[in-house]
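Descriptive structure summary
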Amino acid sequence: MFSTKYDVIVVGGGHAGSEAAAASANLGAKTLLITMSLQNIAQMSCNPAMGGIAKGQIVREIDALGGYSGIVTDKTAIQFKMLNKSKGPAMWSPRAQSDRMRFAECWRLMLEQTENLDFYQDMVNGLLFDGGKVVGVRTALGIEIKSTSVIITAGTFLNGLIHIGDKTFGGGRAGERASTGITEDLVKKGFEAGRMKTGTPPRVDGRSLDYSKMIEQPGDDNPEKFSFSPNTKPLAIQRSCYMTYTSLDVHDLLRTGFDRSPMFNGRIQSIGPRYCPSIEDKIDRFSTKERHQLFVEPEGWDTCEVYVNGFSTSLPEDVQDKALRKVVGFENVKFFRFGYAIEYDYFPPTQLTHTLETKLIKNLYFAGQINGTTGYEEAAAQGLMAGINAALKIQEKEPFILKRSDAYIGVLIDDLITKGTEEPYRMFTSRAEYRTLLRQDNADLRLTPLSFELGLASKERMKRVEEKQEKTDLYVKFLQDTSVKPEDINPILEGRETALIDQSMKLFKIASRPQLSFSDLENLVTIKKFVDTNNIDTEIREQTEIHVKYAGYIEKEKNQADKVNRLENVIIPESFDYRKVKSISIEARQKLTKIKPRTISQAGRISGVSPSDISVLLVYMGR
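Residues numbered from 1 in each chain as written. Predicted model: local features only at pLDDT ≥ 70, side-chain atom pairs only at ≥ 80, totals over all residues. Heavy atoms only, no water.

**A look at the overall build of the protein**
Per the secondary structure count, the protein includes 21 helices and 22 strands. A compact globule built from 623 residues would reach a C-alpha radius of gyration of about 25 Å, and the protein, at 26 Å, matches this within 12%. Principal-axis analysis of the C-alpha atoms gives the protein an extent of 80 × 70 × 50 Å. Within the protein, buried positions represent 57% of all 623 residues. Here the contacts in the protein between residues at least 6 apart in sequence split such that 73% fall between residues at least 24 apart. As displayed, the protein has an accessible area near 26,600 Å², and 49% of this comes from carbon and sulfur atoms. (Helix = DSSP H or I, 4+ residues; strand = E, 2+ residues; numbered from the N terminus. Rg over C-alpha atoms; globule rule 2.2 N^0.38 Å. Buried < 20%, exposed > 50% of the residue type's maximum accessible area, 1.4 Å probe, protein only. Contact = heavy atoms within 4.5 Å. Areas by Shrake-Rupley, 256 points an atom, 1.4 Å probe, with all protein chains shown as cover.)

Below you can see the structure in the form of structure tokens.
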């Protein structure tokens with residue numbers, strides 16, 4: 001370590017850091033992961049779960065690109081649910097409850113089995129620079145470690161400050177010290193920094209709860225999994241979660257602590273996550289609501305520790321105790337630890353390029369909550385992309401950039417660097433213009449070929465994707481070419497209360513009817529014979545059914561994406577001087593100069609840049 005010059009140093013061992021280290025090492029870069037605690041690699045700091053609305057799509061995309069998050073989740077899951085199944089497939093989102101301790105253990109063991117990856121436990125409290133590029137890090141022990149590039153994935157640790165009631169102390173997570181020095185070094189170099197806030201609920205002793213008073217929340221009857229790899233299997237046994245509610249009595253007790261709440265007395269001035277508010281914030285903002293849901297989530301297979309989802313709080317500990325005891329099923333609750341809020345430094349992400357490299361300092365990358373995001377999934381996705389691009393740059397290869405029409409990961413990064421964020425950013429399906437294209441079920445078809453070209457996805461993964469596509473195409477063609485007679489199909493149509501046919505009709509047209517599912521048609525002799533002969537599994541059937549029923553929507557989105565992507569191909573030179581373009585608005589000139597968009601399409605997504613400004617730029621660039 002003292003004499004070695006690494007290709008990539010990853011600072012921080014959370015979800016972003018773990019994916020970044022794995023990606024760069026797997027691409028052949030000599031990588032060092034530095035973390036303050038090797039025992040807490042990929043620690044689930046908040047809820048013991050992966051996935052959810054839009055987040056599940058991201059985990060599947062990470063897996064399709066060769067990342068580890070999906071595999072680790074499958075290996076350590078205790079429950080699986082596919083959310084939004086009552087809606088269209090663009091909205092389906094996988095979510096898994098995880099065993100917190102096994103999740104971190106599995107991540108560490110997978111990283112230890114990764115070639116080209118070294119580990120070191122210490123605090124990084126400074127960066128080494130040579131002019132306008134980073135050349136290494138300095139640790140709390142005074143050790144200087146040289147590298148070609150550095151990826152900072154510091155999570156909530158940069159000058160972290162924990163709040164419980166009127167008590168405040170430094171820390172990056174409960175029981176762990178904050179990280180200092182990095183922010184100060186970067187600000188001296190001209191970076192803009194800010195503060196954000198997040199919070200976490202109490203952890204309690206499950207043995208002290210009365211589950212008979214709560215509503216059981218079991219997993220899916222036929223659970224799926226995250227990874228497209230055959231090396232993981234769906235759960236055969238699952239643990240249930242439970243649901244209960246707050247009440248007006250609970251709200252009244254919580255209000256007694258508002259005068260000592262750091263959120264209300266001005267001690268916390270930074271902005272917290274809009275879509276994951278604290279319990280005190282919920283009862284203040286939604287004062288007419290008589291109750292709020294609480295989800296009681298086990299922390300693992302064997303532990304009795306329980307996560308109280310929905311009760312995130314920084315209220316004084318005595319108020320947390322009194323209020324939670326008024327919740328049905330929690331009358332005799334015993335606390336493992338109280339909820340708290342944490343403030344930390346972040347760097348507005350408009351200071352980054354699409355590769356997550358900083359604009360000010362070459363070879364320096366930011367990933368995760370340092371960019372203003374919230375959630376394991378968003379962090380892991382950024383870490384993966386930063387790790388890939390750091391390795392590619394060292395190898396003097398073209399950067400790897402996902403467009404908004406390629407992946408939710410592309411939407412995430414483009415939103416961050418183009419629009420920035422003033423509150424913790426969370427991914428939703430509504431943020432994606434092409435969500436019919438960006439489904440969780442086809443992440444492998446979309447992204448594994450790209451990853452295989454990079455050298456990240458294995459030959460086995462690529463072969464499975466090719467087989468999946470070939471069989472799906474074969475099934476679709478069979479339905480397009482095969483007709484069914486009225487006497488064979490009408491009994492099924494009548495049972496589903498849809499129009500009967502009076503002459504033979506192609507199966508594709510029948511199958512596209514919304515009243516019918518493929519399961520209704522499986523007993524037709526022609527389909528049954530085709531499925532058996534060609535070994536069509538559930539995954540192929542689902543892929544084919546989505547294609548048949550949503551062909552029109554998919555084609556429409558593809559056409560829209562193609563139109564936009566034409567402007568994605570119009571590259572703006574990095575040295576372009578917007579001050580020379582007098583016909584655009586002053587606001588547009590200022591925003592374009594600050595953000596330095598890579599393409600005309602990205603320029604059009606910047607707040608304050610109008611369509612007329614884009615027209616002027618196109619004319620100015622000879623289009």
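**A few points about the sheet that holds strand E13 (residues 203–205)**
The pairing of strands in a sheet comes from backbone hydrogen bonds and takes either a parallel or an antiparallel form. The six strands are arranged E14-E15-E16-E17-E13-E18 in an open sheet whose pairing can be described as antiparallel. Across the chains shown, the open sheet's two edge strands, defined by having one partner strand only, are strand E14 (215–217) and strand E18 (335–337). The average undirected angle you get between the axes of adjacent strands in this sheet is 35°. In this structure, E13 lies alongside strand E17 (residues 305–309), joined through three bridges in antiparallel fashion. From the neighbouring strand, Val-204 faces E17, where its bridge partner is Val-306. (Pairing = 2+ DSSP bridges. Axes fitted to C-alpha atoms, helices over the stretch in contact; angles between N-to-C directions.)

**Notes on the nonpolar core**
Among soluble globular proteins, nonpolar side chains are generally buried collectively. With 102 residues, the main nonpolar core has Ile-152, Leu-364 and Ile-409 as its most contacted residues. Per element, the largest residue contribution to this core is eleven residues, and it comes from helix H9 (residues 376–394). Not counting the four nearest positions on each side in its chain, Ile-152 is found in contact with Val-11, Leu-127, Ile-182, Leu-186, Leu-364, Tyr-365, Phe-366, Ala-367 and Ile-370. (Core = buried A, V, L, I, M, F, W, Y, C linked by side-chain atoms within 4.5 Å.)

**Quick word on a negative patch on the surface**
Residues Glu-466, Glu-467, Glu-470 and Asp-473 make up a contiguous surface patch of negative charge. With respect to the helices and strands, Glu-467 occurs in helix H12 (residues 459–481). (Patch = residues over 30% accessible without salt bridge, like charges linked within 9 Å, V, L, I, M, F, W, Y side chains within 5 Å. Salt bridge = Lys/Arg side-chain N within 4 Å of Asp/Glu carboxyl O. Lys, Arg positive; Asp, Glu negative; His and termini not counted. Charge placed at Lys NZ, Arg CZ, Asp CG, Glu CD.)

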